[in-house]
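Take a look at the letters that make up each chain.
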Amino acid sequence: MHRRSVVFIATFLASACTPEPFENEGKQCNLALECGDHSACFAGICQSLGDFPEPFILEVHPPRGSGVLPSAKVVEATKGSISAVFLPEPVTIYGTLLDDTTQEAMNGIMRARLLGSQVRLPYEVTAIVSNGQYSVDVSPGKYVLEFKPDAVDERLPSVTFRDTDGEAFHAVHPMQRHLRYPQSTLVSYTGTLVAESSRETKVAGAVVFGFAQNTNAEVISSTRATTDASGQFSLVFAEAVAQADIIVKAASNPWIPETAFTNVALSQRGALELAIPLSAPIALTGVVQGVEGTPTSGSQLFFEGHQGDSLFKANALCNTSGAFSVLLLPGNYLVTAIPKTSQPSTLSRQELTIPSEPIVLPLARKTLIHGLVTQYDGTPAAQTHLSFDILNVPS
């Protein structure tokens, strides 16, 4: 099942559809997720969205800098209108963050991540931690806090914090929490990155990401390292772990495919060895056509390819004749073509296998969807950013 992602910034019109009764109609709510299918949270009350045949995911993003998380849920619609979507009043989680060994104030980035989200990505809000002080405005819900240190040494790991009882932070009212970065328990694991075809070939210029999880498959610590000229790297976690998920990505060497390794056993008594596939890039050419079947200029193309457990991404831009050329590693790809916003067409997707003959990508015609977005008090939410992720359902 493929997804077509379309982003709208628009003037919203009042809903023109007639709502149908549904199970939670009239129920009090704080988030759209609480109302169930075919509904939205409007002015604190669950209301019907009506019954439309094609499902899509709707995300609502308040103006930048407002500190309010998006309200999102899976709804159904095609042409026509969407009922109001509720933006909840923010709650603040704030406090101090110190090194548990030196008691020095920490600096870095704090992310509040909403648990139990039913949308395609977890909600996240990011704030700066300066001189040991942090403050994050979130929508009501249950959160974990993820802190990434701002340090010259990139190996210092990110750490996930929960509340004092070990549960998630339940943000209903403003809450103050004093946190400690676990400098005293940091543990390092070394390894080498090699080529799958020849273990004697060491791979330099790659970034290695490590993610340690608890028994509930939740990330408790994450870290990164860059391979040196001998392919060696060192991953530092917040505490001793038996295994971790590892992702390798390109850094200075652009032809390193993104490769994932799950449940990798870790030990301080022996070095880890990771092998990735390395191949020579192959040129792909083609043309993008508009809705009238003629070449269209200025379209952007995004390529996402797979070869086993490895992922490779690339992009290209069409010239004035609609033609493009791009270098890709061998594998199976999904290519997305996105036209200029001034054109009467929307994105197109197509699968292909590299090596490939030159391809033609036809664009689809735009469809208008309109609706009304309100804030938690029922007033219109101006300058709100809507993101639609339409789900293609095979016939």
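What you see is a predicted model; the values in this text were computed from it and never measured.

A. Local environment of the overall build of the chain. Along the backbone of the chain there are 0 helices and 35 strands. Put simply, the chain has 395 residues, and 45% of those count as buried. If you take every contact in the chain between residues at least 6 apart in sequence, the share linking residues at least 24 apart comes to 63%. Taken as a whole, the chain presents about 19,900 Å² of accessible surface, with 51% of it coming from carbon and sulfur.

B. Molecular detail of the environment of Thr 96. Assignment of secondary structure puts Thr 96 in strand 8 (residues 91-99). Distance in space between the C-alpha atoms of Thr 96 and Tyr 134 is 6.1 Å, their sequence separation being 38 residues. In this view, Thr 96 contacts Gly 132, Gln 133, Tyr 134, Arg 177, His 178, Leu 179 and Arg 180; residues no more than four positions away in its chain are not counted. One polar contact links Thr 96 to His 178, side chain to side chain, over a distance of 2.7 Å.

C. A look at unusual backbone geometry. Ile 354 connects to Pro 355 through a cis peptide bond whose omega is 10°. Looking at where Pro 355 falls in the secondary structure, it is placed in the loop between strand 30 (348-354) and strand 31 (359-362). Notably, Gln 103 is not glycine yet its phi reads approximately 65°, a positive angle. Within the secondary structure layout, Gln 103 lies in the loop between strand 8 and strand 9 (108-114). Judged by relative accessible area, Gln 103 falls into the partly exposed class, the value being 43%. Residue Asn 263 is not a glycine yet carries a positive backbone phi of 50°.

D. The pairing of strand 17 (residues 187-195), seen in detail. Judged by how many residues are buried, strand 17 sits mostly within the fold: 7 of 9 residues are covered. With 6 bridges joining them, strand 17 and strand 20 (residues 232-237) adopt antiparallel strand pairing. Residue Val 187 lies in a different strand from strand 20, and its bridge partner there is Phe 237. Where strand 17 lies against strand 23 (residues 272-276), 5 bridges are found, and the strand directions are parallel. Within strand 23, the residue paired with Thr 192 across the bridge is Glu 273.

E. Structural view of the sheet that holds strand 31. Here 3 strands make up an open sheet; going across it, the order is 27-24-31 and the pairing mixed. Lying at the two open borders of the sheet, with one neighbouring strand each, are strand 27 (323-328) and strand 31. Neighbour to neighbour, the strand axes of the sheet diverge by 30° on average, direction disregarded. Pairing analysis gives 6 bridges linking strand 24 (residues 282-289) to strand 27, with the strands arranged antiparallel. Looking at strand 27, one finds that Val 287 is bridged to Ala 323.

F. The packing of aromatic side chains, seen in detail. What the rule picks out here adds up to 4 aromatic pairs. A centroid spacing of 6.0 Å and a plane angle of 75° characterise the contact between Phe 147 and Tyr 181, whose relative ring orientation is edge-to-face. Within this pair, whereas Phe 147 is found in strand 12 (residues 141-149), its partner Tyr 181 is found in strand 16 (residues 179-181), the two being separated by 34 residues in sequence. Note on Phe 147: relative accessible area 0%, which makes it buried. The class for Tyr 181 is buried, based on a relative accessible area of 0%. Taking 5.8 Å as the distance between ring centres and 25° as the angle between the ring planes, the aromatic pair formed by Trp 255 and Phe 312 counts as stacked.

G. Region of interest: the pattern of salt bridges. Overall, the coordinates contain 5 salt bridges when judged by the stated rule. Asp 163 is the salt-bridge partner of Arg 177, the closest N and O atoms lying 2.6 Å from each other. One end of the pair, Arg 177, is in the loop between strand 15 (175-176) and strand 16; the other, Asp 163, is in the loop between strand 13 (158-161) and strand 14 (169-171), with 14 residues separating them in the sequence. Here Arg 177 falls in the partly exposed class, since its relative accessible area comes to 24%.

Here is what the cut-offs are and how they apply
- By convention here, each chain's residues receive numbers from 1 onward along its written sequence.
- It should be noted that, the model being predicted, local features are given only for residues of pLDDT at least 70 and side-chain atom pairs only at 80 or more, the latter also being counted only at that level, while totals for whole chains, interfaces and linings use all residues.
- Side-chain measures were taken over the full set of non-hydrogen atoms in the model, leaving aside hydrogen atoms and water.
- Counting from the N terminus, the helices are DSSP H or I runs at least four residues long and the strands are E runs at least two residues long.
- Per-residue accessibility, obtained with a 1.4 Å probe over protein chains only, is compared with the maximum for each type, and a residue is labelled buried under 20%, exposed over 50%, and partly exposed between these values.
- Throughout, a residue-residue contact means that at least one pair of heavy atoms, one from each residue, lies within 4.5 Å.
- Residue-level accessible areas treat just the shown protein chains as cover; the underlying method is Shrake-Rupley with a 1.4 Å probe.
- Polar contacts, as counted here, are pairs of nitrogen or oxygen atoms within 3.5 Å of one another; within protein the pair requires one atom able to donate a hydrogen and one able to accept it, and residues that are adjacent in sequence qualify only if both atoms are side-chain atoms.
- A strand pair is defined by DSSP finding two or more bridges across the two strands.
- Lines fitted to C-alpha atoms define the axes, with helix axes restricted to the stretch in contact, and inter-axis angles between N-to-C directions lie between 0 and 180 degrees.
- When the centres of two rings from Phe, Tyr and Trp lie within 6.5 Å, Trp using its six-membered ring, the rings pair. Their planes under 30 degrees apart give stacked, over 60 give edge-to-face, and anything left gives tilted.
- We count a salt bridge whenever a side-chain nitrogen from Lys or Arg sits within 4 Å of a carboxyl oxygen from Asp or Glu.

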